[in-house]
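# Close look at the chain arrangement
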Amino acid sequence: MSHSNPPSPRRFTSAGPLTGRIAVPGDKSVSHRSLMLGALAVGETRVTGLLEGEDVLATATAMRAMGATITRDDDGTWSIHGVGVGSLLQPEQALDMGNSGTSTRLLMGLVASHPIRAVFTGDASLSKRPMERVIEPLSQMGANFEASPGGTLPLMLRGISPAVPLTYRLPVASAQVKSAILLAGLNTAGITTVIEPVPTRDHSERMLRGFGAKLEVGEENGERVIALHGEADLQPQAIAVPGDPSSAAFFAVAALLVPGSDLLIENVGLNPTRAALFDVLRDMGGRIDELDRREVGGEPVADLRVRHSPLTGVEVDPAVAPAMIDEFPILFVAAALAQGKTTTRDLEELRVKESDRLAAMAAALTLAGARVEEYGDGLVIEGTGGDPLPGTADATAIATHLDHRIAMSMAVAGLASRNGVEVDDVSPIATSFPTFERLLAEAGA
Ligand code: S3P
């Protein structure tokens, strides 16, 4: 899980159009939450379409260590027998979160309001990421932390019960911080309130309601106010996880960039708090059609038909950033082949993801021959106007820094290049999209 294995380099080269139909794996955010809430409901929760990537498996292992019974049937359905809110057990060993920030921050919330102690560890990437953003509100609720210098992993958390209900205004637009507080609120008497100046993905709110928690969402002075009634009694559910829009994004951009492509991506989650990339790509001239809009697992879903299109550079409105926060690396690849300039700003958060995604993508695209300027809060990219990127020289590989999305974005850049792009390590792709390379081959790339 911690990628201590030797790196797996790979060269991605152009090999013709992407065609046919593919189905991307289940949504990572929804998968984490279905395991966590299933583990807190008494009775059996059944989950189909769960993402079987390393990050989600880290959550499953942690929930087992805290008392849930989690198994996978031969047909791929996952079964979770939960322990009930308030009844998580103290894990006997450190919880290895691998590369997964979502597992870490959300589970810190769950542990914070239980009378148990847990140690959280992670890989080299996760161990650099800021945890202070959750430590601070969870400390206000009464939990106690001993973190590594700079508020990072490894850290030890002593939860408390009863915890103190909190009203907290998010200082950063982060669904992970919001969710950590709401999950801590589940086992806290009274009402826990999170105020969001900028809306972030709302999977936690949708799923908490689906499991029977009492949760109100309102608006005050243009800000979202989410109030959760504590001491919730969660009811087990049957959940169908929609396909992950963040995974579909790589195939959508690949199909837009590679001449002759006409690809159908089935069952893509299009929750408006997640799907802004597709709107930005359409603004750039991308032909992306939504077919058969429907609802799956309480989330809007459609099949996406994506056809090769000439793209034009855009100025990306910072207000849409939270609804496409994981999609900037692949947007930068689309921008590198568009006609004219693409400008992005107010993206400081990208510097504290699995890697510093502004620095990593600026370096990687420059190495592949794109024209990129890096600023403190964004990139400005002058596209080729549709000409393929030169690609990387034979002896140079782009550095992925243990970041799955850098690896997949640069793989797509390789498909749209003359000489191919060498990626130093494709193993991190397994954290979120283990079937990425197989699906690329299936689509003909
Ligand atoms: C996630 C929230 C986002 C996102 C991450 C998944 C979630 O992080 O980048 O991949 O499932 O809540 P932030 O909340 O830190 O922006």
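In the block above lies the structure referred to throughout.
Notes on the structure in this doc start here. Everything numeric here is computed off the predicted structure, so don't read it as measured data.

### Comments concerning the overall build of the chain
- Within the chain, the secondary structure is distributed over 12 helices and 21 strands.
- Taken along the three principal axes of its C-alpha coordinates, the chain extends 60 × 50 × 45 Å.
- In the chain, which comprises 445 residues, the share counted as buried stands at 59%.
- Of all intrachain contacts in the chain linking residues separated by at least 6 positions in sequence, the fraction that spans at least 24 positions is 77%.

### Concerning the environment of Thr193
- Locating Thr193 in the fold gives a position in strand 11 (residues 191–196).
- According to the relative accessible area criterion, Thr193 is buried, its value standing at 10%.
- For the pair Thr193 and Gly210, spaced 17 residues apart in sequence, the C-alpha separation works out to 19 Å.
- Setting aside chain neighbours within four positions, we find Thr193 in contact with Leu166, Thr167, Tyr168, Val225, Ile226 and Ala227.

### A short note on the site of the ligand
- In the vicinity of the ligand, the contacting residues are Lys28, Ser29, Arg33, Thr102, Arg105, Ser174, Ala175, Gln176, Arg201, Ile325, Asp326 and Lys353.
- At a separation of 2.7 Å, an oxygen atom of the ligand approaches a polar side-chain atom of Arg33.
- The separation between an oxygen atom of the ligand and a polar side-chain atom of Asp326 is 2.6 Å.
- Protein chains shield 95% of the accessible area of the ligand, which is 380 Å² for the free molecule.
- Residues lining the shell around the ligand come from more than one domain, with at least three contributed by each of domain 1 (10–26 + 242–442) and domain 2 (28–230).

### Considering the nonpolar core
- Among the nonpolar cores identified, the biggest contains 80 residues, and Phe251, Ile265, Phe332, Leu365, Met410 and Phe436 are the most heavily contacted of them.
- Looking at this core, the element that brings in the most residues is helix 7 (residues 245–257), giving 10 residues.
- Counting 65 residues, the second largest nonpolar core, distinct from the first, contains Leu35, Val111, Leu183 and Leu208.

### A look at the packing of helix 9 (residues 328–336) against helix 10 (residues 357–367)
- At their nearest, the axes of helix 9 and helix 10 sit 10 Å apart, and the two run at 30° to each other. Viewed along their axes, helix 9 and helix 10 form a crossing whose handedness is right-handed. Two secondary-structure elements touch here, helix 9 through Pro329, Phe332, Val333 and Ala336 and helix 10 through Arg357, Leu358, Met361 and Leu365.
- Looking at side-chain class alone, the contact of helix 9 with helix 10 contains 7 nonpolar, no polar and 1 charged residues.

So, how was this worked out
Residues numbered from 1 in each chain as written. Predicted model: local features only at pLDDT ≥ 70, side-chain atom pairs only at ≥ 80, totals over all residues. Heavy atoms only, no water. Helix = DSSP H or I, 4+ residues; strand = E, 2+ residues; numbered from the N terminus. Buried < 20%, exposed > 50% of the residue type's maximum accessible area, 1.4 Å probe, protein only. Contact = heavy atoms within 4.5 Å. Near = heavy atom within 4 Å. Polar contact = N/O pair within 3.5 Å; in protein donor to acceptor, adjacent residues only side chain to side chain. Areas by Shrake-Rupley, 256 points an atom, 1.4 Å probe, with all protein chains shown as cover. Domains from an automatic or database assignment. Core = buried A, V, L, I, M, F, W, Y, C linked by side-chain atoms within 4.5 Å. Axes fitted to C-alpha atoms, helices over the stretch in contact; angles between N-to-C directions. Left-handed = near helix turned anticlockwise from the far one by under 90°. Nonpolar A, V, L, I, M, F, W, Y, C, P; charged D, E, K, R; others polar.

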